[in-house]
Amino acid sequence: MHRNGLHRENRLYHGVALAEELLRLPPDGDVVACIARSPGREAANEDSAAVIATSPNGLVLAVADGLGGHSHGQDASRIALEALRRPVVSAAADTGRVREAILRGFDEANRAVLALGNGAATTLAVAEICGGVLRSYHVGDSGALVFGGRGKIKLQTIFHSPVGYAVEAGMMDQLTAMEHEDRHLISNVVGDPAMHVGMSSAIRLRQRDTVVVASDGLFDNMYTDEIVERLRRGPLERSAHELFAEVRERMSNRVEGQPGKPDDLTIVVFRPDTRAVR
């Protein structure tokens, strides 16, 4: 895994076949980005990701999963993140404007993807972290998960899909959802005039909290409790690497009783520096 010690550097990951990178971003904390193309697939990876420093103690993490096949999905995810990044970087000097900039970025991303005119679309999940406080924003079935050092879930976004809504309403359990034939259907995407953004309330991060922003390549292959157990203990870099390897193994070698769906995979994991939280 590549280690990067640069203080406030932004990253955009696009069209990546395989990468793992540790970003040390004091005073915020550590970020680990893990990205892989779907196993056995020759086409480009349609996932994109971004890590954007917004202030001396602010950070935006974003993951987009393109839809549309061929190069269309890849273009949509890249264009969406570039459109998001522009207003966020412009607002970086004013932390009070970052939330507004993110929502404007979603709108600009939607217009840019619609302008492609080829039916392409993308999901988009964002975590905004500033001064130890987190807020999530998402469209589609890429999502965010936040949990404490003892495994308590503090945030889990609802997938914008018929199956995701059924799980949230208690009409379907997670096991059934992961095997459901309509799991792949999404009811809200960037690239739709009717797009809407799901936004969480503010969450105060605590010591040993872990933040995950990921494409459905993670959530379709790992149960939530498995993700939590793999990541909540030990050094973030090691636990993220082990989770990443296990998900890729499940994609490549299906085992009875375990989920296993080949797909592009992007996992961005953050853990705050103990000095940044109380």
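Quantities reported herein were computed from a predicted structural model and do not represent experimental measurements. (Residues numbered from 1 in each chain as written. Predicted model: local features only at pLDDT ≥ 70, side-chain atom pairs only at ≥ 80, totals over all residues. Heavy atoms only, no water.)

Student: Now, about the overall build of the protein chain: what can you tell me, with residues and values included?
Tutor: On a plain count of helices and strands, the protein chain comes out with seven helices and 14 strands. Here the C-alpha atoms of the protein chain give a radius of gyration of 17 Å, agreeing with the 19 Å that 2.2 N^0.38 yields for 278 residues. Principal-axis analysis of the C-alpha atoms places the extent of the protein chain at approximately 45 × 45 × 35 Å. For the protein chain, buried positions account for 54% of its 278 residues. As displayed, the protein chain offers around 11700 Å² of accessible surface, 50% of which is attributable to carbon and sulfur atoms. One way to put it: in the protein chain the 32 positive side-chain charges average out to a point 9 Å from where the 37 negative ones average out. (Helix = DSSP H or I, 4+ residues; strand = E, 2+ residues; numbered from the N terminus. Rg over C-alpha atoms; globule rule 2.2 N^0.38 Å. Buried < 20%, exposed > 50% of the residue type's maximum accessible area, 1.4 Å probe, protein only. Areas by Shrake-Rupley, 256 points an atom, 1.4 Å probe, with all protein chains shown as cover. Lys, Arg positive; Asp, Glu negative; His and termini not counted. Charge placed at Lys NZ, Arg CZ, Asp CG, Glu CD.)

Student: Can you break down the nonpolar core residue by residue, with the values?
Tutor: The tendency in soluble globular proteins is for nonpolar side chains to be buried as a group. Membership of the largest hydrophobic core comes to 26 residues, with the highest contact counts inside it found for Leu84, Ile102, Phe106, Leu124 and Val126. Sorting the residues of this core by element identifies strand E5 (47–55), strand E6 (58–67), helix H1 (72–90), helix H2 (98–116), strand E7 (121–130) and strand E8 (133–139) as the ones contributing at least two each. When residues of this core are assigned to their parent elements, the largest contribution, seven residues, is made by H1. If sequence neighbours within four positions are ignored, isoleucine 102 has contacts with Val60, Leu84, Val88, Val126, Glu128 and Tyr137. One finds Leu23, Val31, Ala127 and Val213 within the second-largest nonpolar core, a separate group that totals 25 residues. (Core = buried A, V, L, I, M, F, W, Y, C linked by side-chain atoms within 4.5 Å. Contact = heavy atoms within 4.5 Å.)

Student: Lay out the packing of helix H6 (residues 224–231) against helix H7 (residues 236–252) with the relevant residues and their values.
Tutor: Contact pair H6 / H7: the axes reach a minimum separation of 8 Å and the direction vectors enclose 145 degrees. Residues Glu226, Ile227, Arg230 and Leu231 of H6 form the contact with H7, whose own contacting residues are Ser239, Ala240, Leu243, Glu246 and Arg250. (Axes fitted to C-alpha atoms, helices over the stretch in contact; angles between N-to-C directions.)

Student: Kindly report on the side chain of serine 239, identifying the contributing residues and their values.
Tutor: With respect to the secondary-structure elements, serine 239 resides in helix H7. Not counting chain neighbours up to four residues away, the residues in contact with serine 239 comprise Arg230, Leu231 and Arg233.

Student: Before we move on, can you summarise unusual backbone geometry with the specific residues and values?
Tutor: Cis geometry is found at the peptide bond from proline 26 to proline 27, where omega equals 5 degrees. Relative to the helices and strands, proline 27 is located in the loop between strand E3 (18–25) and strand E4 (29–36). At arginine 208, a position not held by glycine, the phi torsion is positive, near 75 degrees. Among the residues examined, arginine 208 registers a relative accessible area of 34% and is labelled partly exposed.

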